[in-house]
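The lines below spell out each chain.
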Amino acid sequence: MKIAIGSDHAALDLKSTIVEHLKESGIDVTDLGTHTADSCDYPDIAKLVCEKVAAGEYQYGILVCGTGIGMSIAANKVKGIRAALCHDTFSASMAKQHNNSNILCMGARVVGSGLALAIVDEWISQEFVGGRHAIRVEKLENI
Ligand code: RB5
């Protein structure tokens, strides 16, 4: 599994924590920035990560900013991206099972690192169940 991750300055520390955790879990993770604490614009990072996921270069992406809201809004503007903003493990599970999300968004000012890592683990471990949900996901692609 290849995962791309990105953050703005507000979630730099959470991104590093997630990267470390994924590497310890043996997952191939690429940090696409930002790499400094300087203020930057989350749409730029979201676009970078999402275009690579949409092109198939990475299977999944993780985007973190202060609230996760800006990243999720930006991510869902990229064709082929289904970004889910999750701050609990149940939503993370459903975002994969029912919505076949390929981008997970979180807010570093909303969740602590322990919960964030539990959300990441839950999201990664779940699979899309298909069936009636496949029809709905196809409709999403056609909007
Ligand atoms: C940056 O201050 C903040 O606006 C950003 O990280 C994010 O929360 C936007 O949705």
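Here the structure is a predicted model, which is why all the values come from computation and not from measurement.

Q: Describe the sheet that holds strand E3 (residues 60–65), with residues and values.
A: Here we have five strands laid out as an open sheet, ordered E2-E1-E3-E5-E4, and parallel in their pairing. Each edge of the open sheet carries a strand with a single partner, namely strand E2 (28–31) and strand E4 (83–85). Averaged over all pairs of adjacent strands, the angle between their axes in this sheet comes to 20 degrees, without regard to strand direction. Each of strand E1 (2–7), E2, E3 and strand E5 (103–107) is contacted by helix H1 (residues 12–24), which is oriented at about 165 degrees to E1, the strand it contacts most. The sheet contacts of helix H2 (residues 42–54) involve E1, E3 and E5, and relative to E3 the element is tilted by about 170 degrees.

Q: Can you explain the pattern of salt bridges? Please cite residues and give values.
A: Within the structure shown, the criterion is met by four salt bridges. Lys 47 is the salt-bridge partner of Glu 51, the closest N and O atoms lying 3.3 Å from each other. Here the residue Glu 51 and the residue Lys 47 both occupy positions in helix H2, the gap between them amounting to four residues, near one helical turn. Its relative accessible area of 40% is what places Glu 51 among the partly exposed residues. Here Glu 141 and Arg 82 are joined by a salt bridge, their closest N and O atoms 3.0 Å apart. Placement of Glu 141 in helix H6 (residues 132–141) and of Arg 82 in the loop between helix H3 (69–75) and E4 is noted, with a sequence separation of 59 residues between them.

Scoring rules and cut-offs
Residues numbered from 1 in each chain as written. Predicted model: local features only at pLDDT ≥ 70, side-chain atom pairs only at ≥ 80, totals over all residues. Heavy atoms only, no water. Pairing = 2+ DSSP bridges. Helix = DSSP H or I, 4+ residues; strand = E, 2+ residues; numbered from the N terminus. Axes fitted to C-alpha atoms, helices over the stretch in contact; angles between N-to-C directions. Contact = heavy atoms within 4.5 Å. Salt bridge = Lys/Arg side-chain N within 4 Å of Asp/Glu carboxyl O. Buried < 20%, exposed > 50% of the residue type's maximum accessible area, 1.4 Å probe, protein only.

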